[in-house]
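Fold and contact review
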Amino acid sequence: MDSKIKILIVEDEMIIAANISLQLITLGYEVTGIISRGEEALIHIEQHKPDILLLDINLKGSIDGIEMAQIMQKTVNTPIIYLTANADEAHFNRAKETHPYAFISKPFKKLDLERAIELTVNMIKSEKESAKPAIEKTSPFILSDSIFVRHLEKMVRVEIKDILYIEAERNYCRIYSKVKEYLLVMTLKDLDEKLPQQHFIRVHRSFIVNLSQIDEVATSHIVIAKKAIPVSKPLKVELLNRLQTI
């Protein structure tokens, strides 16, 4: 979350809500609104999509904060921090069913609110990271005429003749074929040791190329499928020797 965290305050005591709003703005958060009724808050959430909901249990109107949260969670799952003077067991158990990120009893200190929001923001970030699809560390399975690489949670066969070149991306490798790209979780050095040497050659610290796909050889680069690939001086001699034997 690079932009400001947006927070909605749903609180029926306006003086408390105004003080909370001032504190949040001072801390660098964006307050999307101060609302005292659950029904109005539901409309606001749909329109403004806050990142966090500061929610009092006792509200004006026909529904309390917990009922509002239950209605909201049928369509969106905005993280909730409850603010309440009713910290008894019955209210706590009802609130717990809506899976809040925090539960702050009134009266509370500024530091209590600050830490609760900071922890909530960190949990949101962690959840987003864990929701990203993981790339498994699976080495390619290499045959004489093809290699199997992991792609979209399955092993896919890629014909060697269709591979154009392979480029290093830090601790990853990206295989460029005639039709698709494949990202592997391994270094270019490790992959170079596994590939069949009669087909591939490393021409640069960041590139391995398929010898049969080279279209042009220039002074400091080669061209494959209109892509200029740099060639380091120490590796150019071996490249030229290999090309003479084709």
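Anyway, here's the lowdown on the structure attached to this text. (Residues numbered from 1 in each chain as written. Predicted model: local features only at pLDDT ≥ 70, side-chain atom pairs only at ≥ 80, totals over all residues. Heavy atoms only, no water.)

**Here's the deal with the overall build of the chain**
To keep things clear, this is the line we draw: Numbering of helices and strands runs from the N terminus; a helix is a DSSP stretch of H or I covering at least four residues, while a strand is a stretch of E covering at least two. Our radius of gyration is a C-alpha quantity, and the globule rule it is checked against amounts to 2.2 Å times the number of residues to the power 0.38. In what follows, a contact means two residues having at least one pair of non-hydrogen atoms within 4.5 Å. What sets the accessible areas is the Shrake-Rupley method with a 1.4 Å probe; for residues, cover comes only from the shown protein chains. Charged residues are defined narrowly, with Lys and Arg counted positive, Asp and Glu counted negative, and His plus the chain ends left uncounted. By convention, the charge on Lys lies at NZ, on Arg at CZ, on Asp at CG and on Glu at CD.
Along the chain, the regular secondary structure elements total seven helices and 16 strands. What you see for the chain is a C-alpha radius of gyration of 29 Å, clearly larger than the 18 Å of a compact globule of 246 residues, by over 25%. Reported as C-alpha extents along the three principal axes, the dimensions of the chain are approximately 85 × 35 × 30 Å. Taking contacts inside the chain between residues at least 6 apart in sequence as the whole, the part at least 24 apart equals 50%. Looking at the chain as shown, the accessible area adds up to about 14400 Å², and 52% of this sits on carbon and sulfur atoms. Between the mean site of the 33 positive side-chain charges and the mean site of the 34 negative ones, the chain shows a separation of 8 Å.

**Re the sheet that holds strand β4 (residues 80-84)**
Filter applied, for reference: Paired strands are those between which DSSP finds at least two bridges. The axes are straight lines fitted to the C-alpha atoms, using for helices just the contacting stretch, and the angles between their N-to-C directions are given from 0 to 180°.
Taking strand neighbours across the sheet as the criterion, the five strands line up as β2-β1-β3-β4-β5 in an open arrangement whose pairing is parallel. Each edge of the open sheet carries a strand with a single partner, namely β2 (30-35) and β5 (102-105). With strand direction ignored, the average angle separating the axes of adjacent strands in the sheet is 15 degrees.

**Some remarks on helix α3 (residues 65-72)**
Which entries qualify depends on this criterion: Burial status follows relative accessibility: with a 1.4 Å probe on protein chains alone, a residue under 20% of its type maximum counts as buried, one over 50% as exposed, and anything between as partly exposed. In this description, the arc belongs to the directions extending from the helix axis to the C-beta atoms.
Every buried residue of α3 is accounted for by G65, I66, M68, A69 and M72. On an axial view of α3, the arc spanned by its buried residues comes to 160 degrees, and they lie on one face. Where α3 is buried, its residues meet β1 (6-10), α2 (38-48), β3 (52-56), β4 and α4 (89-96).

**A look at the environment of F200**
Position of F200 among the secondary structure elements: in strand β12 (residues 200-204). Classification of F200 as buried rests on a relative accessible area of 1%. Not counting residues up to four positions away in its chain, the partners in contact with F200 are I160, I163, L195, I208, V209, N210 and R242.

**Details of the side chain of K106**
Mapped onto the fold, K106 is located in the loop between β5 and α5 (110-131). Residue classification places K106 among the buried residues on the basis of a relative accessible area of 17%. Look past the residues within four positions of K106 in its chain and what remains in contact with it is E11, E13, I16, D56, L83, T84 and A85.

**Focus: the sheet that holds strand β14 (residues 216-217)**
Strands sit in the order β14-β15-β16 across an open sheet of three strands; the sheet is antiparallel. Single-partner strands in this sheet number two, and they are β14 and β16 (227-230). Note that strand β15 (residues 221-224) and β16 share four bridges and pair antiparallel. Opposite I222, over in β16, you have I229 as the bridge partner.

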